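Residues per chain are reported as follows:
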Amino acid sequence: MRAVEARGVGPVDLAVPAGEMVALLGPSLTGKTTLVHVLAGWSRPAPGSVTWLGSETVPPWSTLAVVPQDIALIEELTVGENVSLAQGGRTSVAPDHPLVARLDIGHLWSRGGYEISVGERQRTMVARALVGEPAILLADEPVAHQDAVRAETVLALLRASADAGAAVVLATRDPEVAAIADRTLEL
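Residues numbered from 1 in each chain as written. Predicted model: local features only at pLDDT ≥ 70, side-chain atom pairs only at ≥ 80, totals over all residues. Heavy atoms only, no water.

A. Highlighting the overall build of the protein chain. Counting its secondary structure elements, the protein chain contains six helices and eight strands. Along the protein chain, helices and strands appear, N-terminal first, in the series β-β-β-α-β-β-α-α-α-β-α-β-α-β. Relative to a compact globule of 187 residues, whose C-alpha radius of gyration would be 16 Å, the protein chain shows 16 Å and is just as compact. Each of the three principal axes of the protein chain carries a C-alpha extent, and together these read 45 × 35 × 30 Å. Per-residue burial for the protein chain yields a buried fraction of 50% across its 187 residues. Summarising the internal contacts of the protein chain: among those between residues at least 6 apart in sequence, 71% fall at separations of at least 24. Counting every atom, the protein chain has about 8,800 Å² of accessible surface; 51% of that belongs to carbon and sulfur. Here the protein chain contributes 14 positive and 22 negative side-chain charges, whose respective centroids are spaced 3 Å apart. (Helix = DSSP H or I, 4+ residues; strand = E, 2+ residues; numbered from the N terminus. Rg over C-alpha atoms; globule rule 2.2 N^0.38 Å. Buried < 20%, exposed > 50% of the residue type's maximum accessible area, 1.4 Å probe, protein only. Contact = heavy atoms within 4.5 Å. Areas by Shrake-Rupley, 256 points an atom, 1.4 Å probe, with all protein chains shown as cover. Lys, Arg positive; Asp, Glu negative; His and termini not counted. Charge placed at Lys NZ, Arg CZ, Asp CG, Glu CD.)

B. Molecular detail of the environment of Val 22. Within the secondary structure layout, Val 22 lies in strand β3 (residues 21-25). Each C-alpha atom, one on Val 22 and one on Ala 156, is 14 Å from the other, the two residues being 134 residues apart in sequence. Filtering out sequence-adjacent residues up to four positions away, Val 22 remains in contact with Leu 14, Val 16, Val 168, Val 169, Leu 170, Ala 181 and Arg 183.

C. Main features of the nonpolar core. Leu 103, Ile 105 and Leu 158 are the most contacted members of the largest nonpolar core, which totals 38 residues. Among residues more than four places away in sequence, those in contact with Ile 105 are Val 79, Val 83, Val 100, Glu 120, Arg 123, Thr 124 and Ala 127. Judged by nonpolar contacts, the second largest core, of 19 residues, contains Leu 35, Val 36, Ala 40 and Val 50. (Core = buried A, V, L, I, M, F, W, Y, C linked by side-chain atoms within 4.5 Å.)

D. Looking closely at helix α5 (residues 148-163). The terminal C-alpha atoms of α5, which comprises 16 residues, lie 22 Å apart, in line with the 22 Å expected from a rise of 1.5 Å per residue. When α5 is considered as a whole, its buried residues turn out to be Ala 151, Thr 153, Val 154, Leu 155, Leu 157, Leu 158, Arg 159, Ser 161 and Ala 162. Contacts made by the buried residues of α5 are with β3, α3 (98-102), α4 (118-131), β6 (136-140), β7 (167-172) and α6 (175-178). Sitting at the amino-terminal end of α5 is Asp 147, which places a side-chain oxygen 3.2 Å from the backbone nitrogen of Val 149. Of the residues one or two after α5, Gly 165 is the one with positive phi, at around 120 degrees. (Expected span 1.5 Å × (residues − 1). Polar contact = N/O pair within 3.5 Å; in protein donor to acceptor, adjacent residues only side chain to side chain.)

E. Focus on the pairing of β6. In terms of burial, β6 is a largely internal element, five of the five residues being buried. In β6, alternate side chains face the same way, and those of Ile 136, Leu 138 and Asp 140 on one face and Leu 137 and Ala 139 on the other are all buried. When strand β5 (residues 64-67) meets β6, the two strands line up parallel, connected through four bridges. Bridge pairing links Val 67 to Ala 139 in β6. Looking at chain direction, β6 and β7 are connected through five bridges and run parallel. Bridged to Ile 136 within β7 is Ala 167. At this point the chain moves from β6, through α5, to the parallel β7, and the crossover so formed is right-handed. (Pairing = 2+ DSSP bridges. Right-handed = clockwise from strand over helix to strand, strands pointing away.)

Spelled out as structure tokens, the structure:
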């Protein structure tokens with residue numbers, strides 16, 4: 001994955017090869033979320049371009065997964081249905097899936113996205129992103145609403161995704177969170 005310049009961010013030349021985790025580190029309002037949105041294909045870089053796996057076409061959910069900073073669940077769906085969205089509706093993810101168990105959301109499986117805490121919603125988004133084993137994973141402040149133990153679990157899962165071959169971009173304002181990355185880009 002490669003990006004060049006986004007509005008409000010300035011020139012950025014970032015290449016994230018398969019198997020590497022790069023942290024975007026900086027305080028609020030430095031452009032981390034904007035850059036994640038550009039990398040996700042939600043915003044256009046100006047000027048410049050983004051290339052994903054050698055193409056300027058945004059890859060499908062089966063290849064690119066995003067854990068946005070803002071809660072992005074479909075509240076009318078259950079936790080289980082939200083997680084299963086990563087499978088494109090082809091198959092359901094079971095509440096006893098190992099990833100679901102590690103994120104401690106299996107007991108919430110039949111509850112609506114509006115019936116759970118912000119931290120539980122965030123872990124549901126992490127599960128949805130990781131369950132499909134994407135080639136590209138973008139995570140924007142994925143531990144902002146987690147206690148220390150759950151934050152450690154989320155970070156270990158993101159690290160494992162990179163170790164398994166995904167190109168992972170982690171946006172954070174916390175240097176301790178960024179420390180798990182292979183490289184850090186300070187914004």
